[in-house]
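A structural walkthrough
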Amino acid sequence: MKKILLLNGPNLNLLGKREPQVYGSETLAHIEARLKRIAATYQMELIHKQSNHEGVLIDELHEANQLQYGGVIFNPGAYTHYSYALLDAVTAINIPVIEVHLSNIHARESFRHHSVIAPAVKGQIVGLGVYGYELALLALTKLLDEQWG
Ligand code: DQA
C-alpha cells in the first residue's frame with residue numbers, strides 16, 4: 001500500500017483554537033482522521049506528522065523520499081514565506097509535494113503573498129480551508145495512477 005505523508009508546519013497543531021475566523025474550527029486531529037479514511041478508500045495509507053521545527057520538517061521530507069512514499073501534502077505554515085532550507089529540501093527529493101494553505105495567502109498581509117517553496121512543488125492549493133488537504137490527496141491519487149497505471 002502506497003504511503004502519503006501529510007506534513008503540517010508551525011502552529012498548525014493549534015488548529016481549531018488558533019484564529020478560527022481565518023483557519024476554521026476543525027482540529028488537526030479531525031482533519032487527520034478524515035484524510036486517513038479517504039486515503040484508505042484509495043488503497044493508500046496516510047501518515048501524519050506535525051512539527052513546529054524547521055529541521056524536523058526537513059527530516060520528515062527526506063525520510064518520506066527515502067522510504068519512497070507516493071507523495072507529500074505539505075502546509076509549511078509561516079516557513080512558506082522565508083525558508084530556503086525547506087525549498088532546498090523539497091527540491092532535493094523526487095516524490096511529488098503538494099503545497100496547501102488553508103487561508104488565501106494572497107488576500108492577507110503582503111509578506112504572505114510569496115511562497116519561496118512554490119517553485120519546487122508539483123502544485124499549490126490555497127484558500128479552500130480544510131478541503132485543500134482533500135483536494136491535494138485526490139490530486140496525488142491521480143498522479144500516482146498515471147505513474148503506476
Ligand atoms: C498558512 C498560511 C501562513 O501564512 C501562516 O503562517 C500559517 C498557515 C495557511 O494554512 O493558511 O501558519 O500556511
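Cut-offs applied
Residues numbered from 1 in each chain as written. Predicted model: local features only at pLDDT ≥ 70, side-chain atom pairs only at ≥ 80, totals over all residues. Heavy atoms only, no water. Helix = DSSP H or I, 4+ residues; strand = E, 2+ residues; numbered from the N terminus. Buried < 20%, exposed > 50% of the residue type's maximum accessible area, 1.4 Å probe, protein only. Contact = heavy atoms within 4.5 Å. Areas by Shrake-Rupley, 256 points an atom, 1.4 Å probe, with all protein chains shown as cover. Pairing = 2+ DSSP bridges. Axes fitted to C-alpha atoms, helices over the stretch in contact; angles between N-to-C directions. Parallel < 35°, antiparallel > 145°, perpendicular 65-115°, else oblique. Nonpolar A, V, L, I, M, F, W, Y, C, P; charged D, E, K, R; others polar.

**Quick notes on the overall build of the protein**
Looking only at helices and strands, the protein has five helices and five strands in total. Start at the N end of the protein and walk to the C end: the helices and strands fall as β-α-α-β-α-β-α-β-β-α. Taken across its 149 residues, the protein has 47% of its residues classed as buried. Taking as baseline every contact in the protein between residues at least 6 positions apart, the subset at least 24 positions apart corresponds to 76%. Entry remark: accessible area of the protein is about 7500 Å², with carbon and sulfur atoms responsible for 53%.

**Re the sheet that holds strand S3 (residues 71-75)**
If you trace the five strands from one edge of the open sheet to the other, you get S2-S1-S3-S4-S5, paired in parallel fashion. This sheet does not close on itself; its edge strands, each paired only once, are strand S2 (44-50) and strand S5 (123-126). Looking at each pair of strands side by side, their axes are set apart by 20° on average, direction ignored. As paired strands, strand S4 (residues 97-101) and S5 are joined by four bridges and run parallel to one another. Bridging from a neighbouring strand, His101 pairs with Val126 of S5. Lying on the sheet, helix H3 (residues 54-66) is in contact with strand S1 (2-8), S2 and S3; it crosses S1 at an angle near 170°.

**Regarding the packing of H3 against helix H4 (residues 84-92)**
At their nearest, the axes of H3 and H4 sit 9 Å apart, and the two run at 5° to each other. The orientation of H3 relative to H4 falls into the category roughly parallel. Here H3 contributes Glu54, Leu57, Ile58, Leu61 and His62 to the contact with H4, which in turn contributes Ala85, Leu86, Ala89 and Val90. Looking at the contact of H3 with H4 residue by residue, the classes come out as seven nonpolar, one polar and one charged.

**A closer look at the pairing of S1**
Taken across its seven residues, S1 has five buried, putting it largely inside the fold. As paired strands, S1 and S2 are joined by seven bridges and run parallel to one another. Paired with Leu7 across the strands is Lys49, a residue of S2. Sheet analysis places S1 next to S3, joined by five bridges and oriented parallel.

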